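Residue strings, one per chain:
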Amino acid sequence: MNKRNDVGGVVHVYQKYNPTEFPSPLAEPPDLVSNAFEHALTYGSYRELTEEELARAVHLDPSQIAGFGPSIDALRAMLEERKRKILETYQVDGLDKKAQDRYDKQSRRVRPPAKLKGLFDRAVRQQQIYLLEQLWYQTDRTNPDLASDILHLMETLGDKYQIDELLSKYTFTGRQRIDMPDAIEVKKELEKIDELLKQLEEAAKTAQIALIDMEALAEFAPTQDLNNLEEIRQQINNMVREMAERQGLERNESGGFRLTPKAYKTFQAQLLERIFSNLQASRSGRHAGRIMGDGSVELPSTKPYEFGDSIANVDVVQSVINAMLRRPDERPVRLSSDDLEVFKTRNSPKCATIVVMDMSGSMRYDGQYINVKRMALALQGLITSEYPGDFLRFIEMFTFAKLRRPGEVVDLMPKPVTIHQPVVRLKADMSRDNISESDIPPHFTNIQHALRLARQNLATADTLNKQIVLITDGLPTAHFEEETLFLLYPPDPRTEQQTMREAILCAKDGITINIFLVPSWSQSEEDIRFAYRMAEQTKGRVFFTAGKDLDRFVLWDYIDRKREILG
C-alpha cells in the first residue's frame, strides 16, 4: 500500500503579493507614539495628523511590509536604465564655451551710464547675478531699455550656470550633439530621475512609500507599476492606522489622529525603559527581562505576634507549625497567641514633589525646554507606576509662576523675548485693575514666585518628606515685593535677596530644594555661584547636568532619595 504524501504549507500563490514573505505576527510593532510626542514636545500644541502625514512620520522596518506587493527595485532599475541611455546618447563637448561666448556677447550689448559702469563691469567680471539684480532694481523705472538688457544678461548668465552644473555633475559618452536649450531640459530630467532614485532608496530603507513623488514618477513609469505602487501605499497606510490606534493614537471623525492617555502611558514607559537601561545593575533592582541562573533565595522574615499587629499579616503556616511543635499530641491543633507569627513589614513613606520648570526666554536655546518637558513626563510615569501614593505637581516658571496639570506639560513653550534692550529696570503694580499679566513681558525668570507657589502647595501634602525640583539655567531676573512686580536685567542683588528669602521660608517648612542647573549660552560664573549660595543657605542640593541627560539625573536622584527615606 502506497503511503499518502500530504503536502503542508502554501501550494501556489495567485495573489500579487507573496503570503510566505509576510512578517511574523510576533514581530515587534513599529513605535508610532515616540515621533508624535517628540513633535509635540518641540512645537507645543499638538496638531492632529492626517493618515498621510502619519505614514510620512512613522519609520517602519522594511521587513514589516515584506510581501505587500512588487519590489520597488524594478522601478529603480527602470530609472537607472533611463538615466544610462540619456548619458550614452548625447555629446556635450564645447557647450561650456558656447555658454561663455553667449554671455560675453550679451554683456557687450549693455551700455550702462558712467555712474553705473563700475558696478556693471564688476558684476560681469565676477559673473554674479546678485550684482546684476542690484543694477536692474536701480534702472527698472528710470531706464526701461537698460533694465531689459540687464534682465536678458541675467538670463544668459543663469543658462551658463546651468551648463556648468550639468558638465560637473554628469558624464556624457554619446555622439548626438545637443544645443543649450535642449541640454538644460536634459539636465532637469536627469535631476528629476536622481531625486526619484533617492526617494525610492529611502522608501526601500524606511518603508515610507509616501515620500515618493507619484506625479514625477508617472513621467517615467508604466501605469500598471504606478497602480501597484499606489496599492502598496494604501496598504501601508491601513497598517499604520491600525497600529496607531492600538498604541493610543485615536482617530476622530475628521480622519485626524490625536494623542490619548494610552499614548501618554506608552511614551512614558518607553522613556523609563531608556533611562533605566543605562543604569548599572548594581545600582538598581530593575531588570528588563528574565533573569536566568542560580542564586540565593530571599525568604520573607517573620516575628512573634505582638499586641497591635495586623491580623492580615499573620503567617498561617508558621503559626500552625509552632502549635504542632509545642503540643504535638493535641488534636485538633489549637492556636494560642504565643504560637502566632506575623510577617515583618516596613514603612513606605510618601514623598511630595513640586517640579518647577523654567520656561523663560533663554530656555529656547539648544532646545533645553524640550529636555525639561521630557523629564517631567518621565517623572510622572515613574511615580504613577512605582510610587502611586506620592504627591507630584508641576509649576511653569517665567515672569510669573503657574500651576500646570500633567496633561498641559506637553504644550508648554519658552516665552518669546519682547524686550531687547541691554538694561531693563521695570516695575508694575499688579493690584491695579488696569494692569494684567498679558501687559507684562513674559520672558523673565521669577524663581521667587515659583518657590512661593510651590511652598503653598506643599503645605497641604500629608507627608514630612517634601522637596522642590527647580530646573533653571541661571539667575532670577524678576521678583515680587508685596503686589509690585520688578523686572531687572542684568540680574540685580535685590531680586536675589527676595528669592533667597523665599527659599529660606521653604527650608523652614522642611522642604528640600534640589536645583538642576542646565547649561545655557548666557550662563556665567555668577549663575553657578547663585545656585551654590541657595543650596548652602537652604541645606539643599545643586546638580550640574547636560540638558539631554536631565530626565536620567532627576529620576535617579528621586529613587535615591526614596532609598534614603526608607533606609
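Described in the following lines is the structure provided in the data block.

Thresholds, definitions, all that
- Residues numbered from 1 in each chain as written.
- Predicted model: local features only at pLDDT ≥ 70, side-chain atom pairs only at ≥ 80, totals over all residues.
- Heavy atoms only, no water.
- Helix = DSSP H or I, 4+ residues; strand = E, 2+ residues; numbered from the N terminus.
- Pairing = 2+ DSSP bridges.
- Axes fitted to C-alpha atoms, helices over the stretch in contact; angles between N-to-C directions.
- Buried < 20%, exposed > 50% of the residue type's maximum accessible area, 1.4 Å probe, protein only.
- Polar contact = N/O pair within 3.5 Å; in protein donor to acceptor, adjacent residues only side chain to side chain.
- Contact = heavy atoms within 4.5 Å.
- Core = buried A, V, L, I, M, F, W, Y, C linked by side-chain atoms within 4.5 Å.
- Patch = residues over 30% accessible without salt bridge, like charges linked within 9 Å, V, L, I, M, F, W, Y side chains within 5 Å.
- Areas by Shrake-Rupley, 256 points an atom, 1.4 Å probe, with all protein chains shown as cover.
- Salt bridge = Lys/Arg side-chain N within 4 Å of Asp/Glu carboxyl O.
- Left-handed = near helix turned anticlockwise from the far one by under 90°.
- Nonpolar A, V, L, I, M, F, W, Y, C, P; charged D, E, K, R; others polar.
- Expected span 1.5 Å × (residues − 1).

## Quick notes on unusual backbone geometry
Cis geometry is adopted by the peptide bond preceding Pro-332, which originates at Arg-331 and carries an omega value of -5°. With respect to the helices, strands and loops of the structure, Pro-332 is situated in the loop between helix H12 (316-326) and strand S6 (341-343). Positive phi, close to 55°, is recorded for Gln-127, a residue that is not glycine. Structurally, Gln-127 can be placed in the loop between helix H5 (114-126) and helix H6 (129-139). For Glu-482, which is not glycine, the phi torsion reads 60° and is therefore positive.

## Digging into the sheet that holds strand S10 (residues 424-429)
Taken in spatial order, the three strands make up an open sheet running S10-S13-S12, and their pairing is antiparallel. If you trace the sheet from one side to the other, it starts and ends with S10 and strand S12 (478-481), each paired once. The mean inter-strand angle of the sheet, taken between neighbouring strand axes irrespective of direction, is 20°. Alignment of S12 against strand S13 (residues 484-489), held across four bridges, turns out to be antiparallel. Of the residues in S13, the one forming a bridge with Phe-480 is Leu-485.

## A few points about the side chain of Thr-538
Within the element layout of this structure, Thr-538 appears in helix H16 (residues 525-538). Judged by its relative accessible area of 6%, Thr-538 is buried. Looking at Thr-538, its side chain comes within polar contact range of the main-chain oxygen of Met-534, at 2.7 Å. Thr-538 has contacts with Ala-503, Ile-504, Ala-507 and Ile-513, leaving out every residue within four places of it along the chain.

## As for the nonpolar core
Note on soluble globular proteins: their nonpolar side chains tend to be buried together. Core analysis: the biggest nonpolar cluster contains 30 residues, and Val-355, Met-357, Met-375, Leu-379, Ile-471 and Leu-550 have the highest contact counts within it. Residue assignment for this core shows that the elements contributing at least two residues are strand S7 (352-358), helix H13 (368-386), strand S8 (391-397), strand S11 (466-472) and helix H17 (550-566). Of the residues forming this core, the biggest block, ten residues, is contributed by H13.

## A look at a nonpolar patch on the surface
On the surface, Val-316, Val-320, Met-324, Val-333 and Leu-335 cluster together to form a nonpolar patch covering roughly 390 Å² of accessible area. For Val-316, the location among the structural elements is in helix H12. Residue classification places Val-316 among the exposed positions, given a relative accessible area of 53%.

## Here we look at the environment of Leu-95
Within the secondary structure, Leu-95 sits in helix H4 (residues 95-109). Overall, the relative accessible area of 2% leaves Leu-95 in the buried class. In sequence terms Leu-95 and Met-180 are 85 residues apart; their C-alpha atoms lie 6.8 Å from each other. In this structure, Leu-95 is in contact with Ile-163, Ile-178, Asp-179, Met-180 and Ala-183, ignoring residues within four places of it in sequence.

## Details of the packing of H5 against H6
Look at H5 against H6: their axes get within 8 Å of each other, and the N-to-C directions meet at 150°. In this structure, H5 meets H6 at a crossing whose hand is left-handed. Across from Leu-116, Leu-119, Phe-120, Arg-122, Ala-123 and Gln-126 in H5, the residues of H6 making contact are Leu-131, Leu-132, Gln-134, Leu-135, Gln-138 and Thr-139. Tallied by class, residues from the contact of H5 with H6 come to seven nonpolar, four polar and one charged.

## Considering helix H14 (residues 447-458)
Look at H14: 16 Å from first C-alpha to last across twelve residues, which is about the 16 Å you get at 1.5 Å a residue. The buried count for H14 comes to ten of twelve residues, which makes it a mostly enclosed element. Within H14 the residues assigned to the buried category are Ile-447, Gln-448, His-449, Ala-450, Leu-451, Leu-453, Ala-454, Arg-455, Asn-457 and Leu-458.

## What to know about helix H7 (residues 144-169)
Across its 26 residues, H7 extends 37 Å between first and last C-alpha, which sits within 8% of the 38 Å expected from 1.5 Å per residue. Turning to H7, its buried residues are Leu-146, Ala-147, Ile-150, Leu-153, Met-154, Thr-156, Leu-157, Gly-158, Lys-160, Ile-163 and Leu-166.

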